[in-house]
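One letter stands for each residue in the lines below.
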Amino acid sequence: MDQAEFSFLFRNSEGTISAAVWRRWTLALTGLCLVLAGVWAAMGSWTHRDLAVQGLFDLKAFLAFFYLLLYASLVLLAQISQYNLSAKRFRARGYGPGWASVWPFAAFAAGAAFWAQPNLFGLMPAFAPWLVLLVALAAFAAQFYELALRPD
């Protein structure tokens, strides 16, 4: 894929693409988000600090919060790109491009549920984020089938 096709693919939702192009870039963007989430899972505990024991500045906490800022920005850009990819493919399938927002929205809802549950002090049951994740995975599976596997 050349530079012109790459920038066209990610900058807007106009046009159409094939199932193979959608599948390749969706797997790449999803893989990127999973790697970024894995790094955050490994270093997210560095943000929990006790100022009575630790000093005011902690290098690990600083690095973790800096990575969180980078992580949030990259995931947001990846999901915007995913929307543009899916809108092009939905248009090629004869549907409106609005359906392209289902998977990114479900992914953000799952991430928000896992973030919110421990911070709601018992107001959200521990199983609730897992239910939201199952809905997000179902949305991804349905969209993947429709855009990548279902015959034209």
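Look up: the structure comes first, before these words.
Residues numbered from 1 in each chain as written. Predicted model: local features only at pLDDT ≥ 70, side-chain atom pairs only at ≥ 80, totals over all residues. Heavy atoms only, no water.

Trainee: Lay out the packing of helix α3 (residues 59–93) against helix α4 (residues 102–116) in plain terms, naming residues and giving numbers.
Mentor: Following both chains from N to C, one finds α3 and α4 inclined at 155°, their axes separated by 8 Å at the closest point. Accordingly, the angle class assigned to the pair α3 and α4 is roughly antiparallel. On α4, the residues touching Val75, Leu76, Gln79, Gln82 and Tyr83 of α3 are Trp103, Pro104 and Phe108. In the contact of α3 with α4, the residues fall into 6 nonpolar, 2 polar and no charged. (Axes fitted to C-alpha atoms, helices over the stretch in contact; angles between N-to-C directions. Helix = DSSP H or I, 4+ residues; strand = E, 2+ residues; numbered from the N terminus. Parallel < 35°, antiparallel > 145°, perpendicular 65-115°, else oblique. Contact = heavy atoms within 4.5 Å. Nonpolar A, V, L, I, M, F, W, Y, C, P; charged D, E, K, R; others polar.)

Trainee: Residue-level account of α3, with values.
Mentor: For α3, spanning 35 residues, the distance from its first C-alpha to its last is 50 Å, which sits close to the expected 51 Å at 1.5 Å a residue. Gly94, located one to two residues past α3, shows a positive phi value of around 95°. (Expected span 1.5 Å × (residues − 1).)

Trainee: Describe a nonpolar patch on the surface, listing the residues and the values that go with them.
Mentor: Judged by side-chain polarity, Leu70, Leu74, Leu76, Leu77, Ile80 and Phe108 come together as a nonpolar surface patch covering roughly 520 Å² of accessible area. Looking at the nonpolar patch element by element, the count peaks at 5 residues for α3. With respect to the helices and strands, the residue Leu76 is situated in helix α3. (Patch = residues over 30% accessible without salt bridge, like charges linked within 9 Å, V, L, I, M, F, W, Y side chains within 5 Å. Areas by Shrake-Rupley, 256 points an atom, 1.4 Å probe, with all protein chains shown as cover. Salt bridge = Lys/Arg side-chain N within 4 Å of Asp/Glu carboxyl O.)

Trainee: Tell me what's going on with the side chain of Gln143, and back it up with residues and numbers.
Mentor: Secondary-structure assignment places Gln143 in helix α5 (residues 128–149). For Gln143, a relative accessible area of 5% corresponds to the buried category. Non-local contacts of Gln143, meaning those with residues more than four positions away in its chain, are made with Trp22, Ser86, Phe90, Trp99, Ala100, Val102, Trp103 and Ala148. (Buried < 20%, exposed > 50% of the residue type's maximum accessible area, 1.4 Å probe, protein only.)

Trainee: I'd like to hear about α5, residue by residue, with values.
Mentor: Spacing of three or four residues puts side chains on the same side of an α-helix, whose turn is 3.6 residues. The end-to-end C-alpha separation of α5 is 30 Å, in line with the 32 Å expected for 22 residues at 1.5 Å each. For α5, the full list of buried residues reads Ala128, Pro129, Ala136, Ala139, Phe140, Gln143, Phe144, Glu146, Leu147 and Ala148. Close packing links the buried residues of α5 with α2 (19–43), α3 and α4.

Trainee: A description of the environment of Leu137 should follow, citing residues and the corresponding values.
Mentor: By the secondary structure assignment, Leu137 is in helix α5. Each C-alpha atom of the pair Leu137 and Ala107 lies 8.2 Å from the other, and the pair is 30 residues apart in sequence.

Trainee: Can you break down the packing of aromatic side chains residue by residue, with the values?
Mentor: The geometry of two aromatic rings is summed up by the distance between their centres and the angle between their planes. Overall, the coordinates contain 8 aromatic pairs when judged by the stated rule. Where Phe90 meets Tyr95, the ring centres are 6.0 Å apart and the plane angle is 80°; that geometry is what we call edge-to-face. Their ring planes at 90° and their centres at 4.9 Å tell us that Phe114 and Trp130 sit as a pair that is edge-to-face. On the criterion of sequence distance, the pair formed by Phe114 in helix α4 and Trp130 in helix α5 is long-range, its members being 16 residues apart. A relative accessible area of 52% places Trp130 in the exposed class. Ring pairs connect the aromatic residues Trp22, Trp103, Phe140 and Phe144, which therefore count as one cluster. (Phe/Tyr/Trp six-rings, centres within 6.5 Å; stacked < 30°, edge-to-face > 60°.)

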